[in-house]
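# Structural description and commentary
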Amino acid sequence: MEHEATVWFAKSFGLFYLIAMSVGVVVYAYWPKNKTSFDFAAQSILDPSVEDKPYEAKRWQ
Amino acid sequence: MIAQLTKSERQLALIILLVLTICGLAMAIAGRQDPLGVHGAIVMLAGIAGIFGVIYVYYEPEPDEARLALYYDDPTKLAIILAMIWAVIGMFIGDWVAWQLVFPNLTFDAGWSSFGRIRPAHTSAVIFGFGGNGLIGTSLYVLQRTSRARLPDQISPWFVLLGYNLFCLLAATGYLMGVTQSKEYAEPEWYADLLLEIVWVVYFVIYMRTLARRKEPHIYVANWYYMAFILVVAILHTVNNLAMPVSFGHAKSYSAFSGVQDAMTQWWYGHNAVAFFLTSGFLGMMYYYLPVRAGRPIYSYRMSIISFWGITFMYMWVGSHHLHYTALPQWVQTLGMTFSLMLLIPSWGSAGNALLTLNGAWYKVRDDATLRFMMVAAVFYGLTTFEGSFMAIRSVNSLSHYTDWTVGHVHAGALGWVAMITFGSIYASVPWLWKRERMYSPALVEWHFWLAVAGLFTYVFAMWNSGIIQGLMWRTYNSSGTLSYSFIETVIAMKPYYVARAVGGFFFFAGAVIGLYNIVMTIRTAGQPADERAADRPVAQPAGVPALQPGE
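Glancing now at the overall build of chain A. Within chain A, the secondary structure is distributed over 2 helices and 0 strands. The C-alpha radius of gyration computed for chain A amounts to 22 Å, which surpasses the reference 10 Å derived for 61 residues by more than 25%, pointing to a less compact arrangement than a globule. Reported as C-alpha extents along the three principal axes, the dimensions of chain A are approximately 70 × 30 × 20 Å.

Shown next, in the form of structure tokens:
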């Protein structure tokens, strides 16, 4: 690719895809429905009832 | 630790070590008198030592199935010890380098101890030895806890940890023999780079396989930061180290790039090493250990997501700010500068998020030196990212570039942010990992903290002063339009600051030595009450009372 063409591509496409990704992330982060899982995730590392062991499904007796 | 391996894992370990030994032998034969030959011998000895280690326990009984119901923490334990050993080595060399700038005779007239060789030994030992082992150890710890899943197997974490440390050893010994690619923070030559490449891919595969086994629906934000660290470092390492060796029997290689493309590739690598090695991974640490230690969820989980993607999008483009006023096209320089300024948003997002998490837990910060390490780290993360964005502005850069201001900036980040968050995380994890009630001596943690803070401030203020004076002296003209100061006059003006910097560095080094001692004593002092994980944690929220949440 020629230098001029690279510059054109970087300055046009580069601008728009970065803006699009930024908008996408903000929408994802503030989508009201996602709040529940975010709150759950934030609390998950603090749960004192969780033993320091991998999760083990209760086996059928 | 090796006895924890199953029979088939012990066999696999032997095969890997045998291949390593043969590679070392081939390097030693092909390299002959070249430094490659010495490195071949080191690789071969490492392989043979490993084989003896495995054979020693080969006929021990296999571990029982009960281990599968627990997290696999042995690699994390070793990584933490190795991180502290590398910290002591790297900081000792760093302080030696600092004193060399005051007293040049401290090279003792030897080639291996000249500034140009031990300076990269210092940077690699602290960044890759200390920082890298800290990252590998804590990432495997955090990955398992946040996924509530055990690592998929027991051999690949050892391959990553030990292979990585072999890389660090080849790097450090290579510099002393004069082996270098002359690319900053990517000095090791092609064969060491190949080793790291394999190790790093396995590291990423461990991450993916464990996440695939996770029992939590959401991948906790710390894992995203750790994953970005692993993935991007793989990309950077691969591209920047594309090179052609002179021959397979020679350590020297030539880069695939030349001229300004080489410079741009190097600083694309160099600044993203700062971004993804020294920032992203340590943010992963911060987003796990700081909330857990403070006993409070992260202030805004949403902000942590925005900060994460902001950092991954924007950091990639800032490398060109290292090349202001060079042959690099002006618009590329401006692009780097602009993205550096925008980077302030995600950086302060994370720094603010960390400090706001501590709101309501400041009494814990006062009482708990471990949490205080993390608090100082967050403050210096905010300070350094502001300073970095500011220094990336072309006109500011014209004053700061090539001066000690850059050195001061780097150390504000490396000592104030990276080392502080690592020490905090290590002090938090050691009692959890070795099932102790607390560290051997909380007083020594306090000593470490205050020595580190004193050293940090002494160092950074000395370098800010010297850097700005240096920059101003270089650009002072007299009435006839010529430079007022000769270069040697600027060097003489720096000497008091170099003394102060070396003293500050010694404080920081002394703190790390105390830290290593304290950790070793914590491990060796048995008979402390065994710790249920929650016991070492700050008081949990009273049941029924919801944690105070910010108004989101």
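Our next topic: the overall build of chain B. In terms of helices and strands, chain B carries 17 helices and 2 strands. Here the C-alpha radius of gyration of chain B, 24 Å, is about what a compact globule of 552 residues would show, namely 24 Å. Along the longest, intermediate and shortest principal axes, the C-alpha atoms of chain B span 85 × 65 × 40 Å. Looking at chain B as a whole, 50% of its 552 residues are labelled buried.

Residue and element names in this part refer to chain B. As far as domains go, chain B holds domain 1 (1–69) and domain 2 (70–245 + 256–531). The C-alpha centroid of domain 2 is placed 30 Å from the C-alpha centroid of domain 1. With 18 residues of domain 1 at the interface, the matching set in domain 2 holds 14 residues. Ranked by residue count, the leading element in the side of domain 1 that touches domain 2 is helix α2 (residues 35–57), at 7 residues. For the side of domain 1 that touches domain 2, the class distribution of residues is 14 nonpolar, 2 polar and 2 charged.

Time to look at the environment of G481(B). Residue and element names in this part refer to chain B. Among the structural elements, G481 can be located in the loop between α16 (442–474) and α17 (487–524). By C-beta crowding, G481 is classed as exposed, having 6 other C-beta atoms within 10 Å. Residues G481 and F92 lie 389 residues apart in sequence; the distance between their C-alpha atoms is 44 Å.

Looking at helix α2 (residues 35–44) of chain A, one finds that the buried residues are F38(A), A41(A) and A42(A). Viewed along the axis of α2(A), the buried residues span an arc of 100 degrees, placing them on a single side of the element.

So, about the nonpolar core. All names here are of chain B. With 165 residues, the main nonpolar core has F229, M286, M374, A377 and M420 as its most contacted residues. Ranked by the residues each element gives to this core, the list is headed by helix α8 (residues 259–294), at 21 residues. Mapping this core onto the domain boundaries places at least three of its residues in each of domain 1 (1–69) and domain 2 (70–245 + 256–531). For F229, the residues in contact, after removing those within four places along its chain, are L135, F276, F277, S280, G281 and G284.

Bringing the interface of chain A and chain B into the picture now. Counting residues at the interface gives 23 residues for chain A and 27 residues for chain B. Of the residues forming the side of chain A that touches chain B, the biggest block, 8 residues, is contributed by α2(A). Residues that form the side of chain A that touches chain B fall into these classes: 15 nonpolar, 4 polar and 4 charged.

What follows concerns the packing of helix α15 (residues 404–433) of chain B against α17(B). All names here are of chain B. Interhelical geometry of α15 versus α17 gives an angle of 10 degrees and a closest axis separation of 12 Å. With respect to their mutual orientation, α15 and α17 come out roughly parallel. Here D404, L415, F423, V430 and P431 of α15 lie close against α17, whose contacting residues are M494, F508, G515, I519 and T522.

It is worth spelling out the confidence of the model for chain B at this point. If pLDDT is low for a region, its predicted coordinates should not be looked at in detail. All names here are of chain B. Per-residue pLDDT for chain B has a mean of 93; in total, 95% of the residues score no lower than 70. Scored below 50 in pLDDT, residues 531–546 shows 24 contacts in the model against residues more than four places distant or in partner chains. For this predicted complex, the interface confidence reaches an ipTM of 0.89, while the overall pTM sits at 0.93.

Residues and elements named next belong to chain B. For S182, which is not glycine, the phi dihedral falls at a positive 65 degrees. Mapping S182 onto the fold places it in the loop between α5 (156–177) and α6 (190–212). Using a count of 9 C-beta atoms within 10 Å as the deciding quantity, one classes S182 as exposed. Positive phi, normally seen in glycine, also occurs at Y185, with a value near 65 degrees. Here Y185 shows up in the loop between α5 and α6.

Our next topic: the packing of helix α7 (residues 221–240) of chain B against helix α9 (residues 301–315) of chain B. Residues and elements named next belong to chain B. Where α7 meets α9, the closest approach of the two axes is 10 Å, and the angle between their N-to-C directions is 10 degrees. By the angle between their axes, α7 is roughly parallel relative to α9. When α7 is examined against α9, the residues V221, W224, Y225 and A228 are found in contact with a partner set consisting of Y301, S304, I305, F308 and T312. Residue classes in the contact of α7 with α9 are distributed as 7 nonpolar, 2 polar and no charged.

We now examine the environment of D367(B). All names here are of chain B. Along the chain, the position of D367 falls in helix α12 (residues 362–367). With 11 C-beta atoms packed within 10 Å, D367 lands in the exposed category. Note: C-alpha distance between D367 and E446 (79 residues apart in sequence) is 9.9 Å.

Here we take up the environment of D73(B). Residue and element names in this part refer to chain B. Within the secondary structure, D73 sits in the loop between α2 and α3 (74–102). Considered as a pair, D73 and L433 are 360 residues apart in the sequence and their alpha carbons are 7.2 Å apart. If we ignore the near neighbours within four places in the chain, the residues touching D73 are Y141 and L433.

Reading the values: the criteria
- Residues numbered from 1 in each chain as written.
- Chains lettered and ligands numbered in written order.
- Predicted model: local features only at pLDDT ≥ 70, side-chain atom pairs only at ≥ 80, totals over all residues.
- Helix = DSSP H or I, 4+ residues; strand = E, 2+ residues; numbered from the N terminus.
- Rg over C-alpha atoms; globule rule 2.2 N^0.38 Å.
- Buried ≥ 20, exposed ≤ 12 C-beta atoms within 10 Å, placed from the backbone.
- Domains from an automatic or database assignment.
- Contact = placed C-beta atoms within 7 Å.
- Nonpolar A, V, L, I, M, F, W, Y, C, P; charged D, E, K, R; others polar.
- Arc of directions from axis to C-beta.
- Core = buried A, V, L, I, M, F, W, Y, C linked by C-beta atoms within 7 Å.
- Axes fitted to C-alpha atoms, helices over the stretch in contact; angles between N-to-C directions.
- Parallel < 35°, antiparallel > 145°, perpendicular 65-115°, else oblique.
- pLDDT = per-residue confidence, 0-100.

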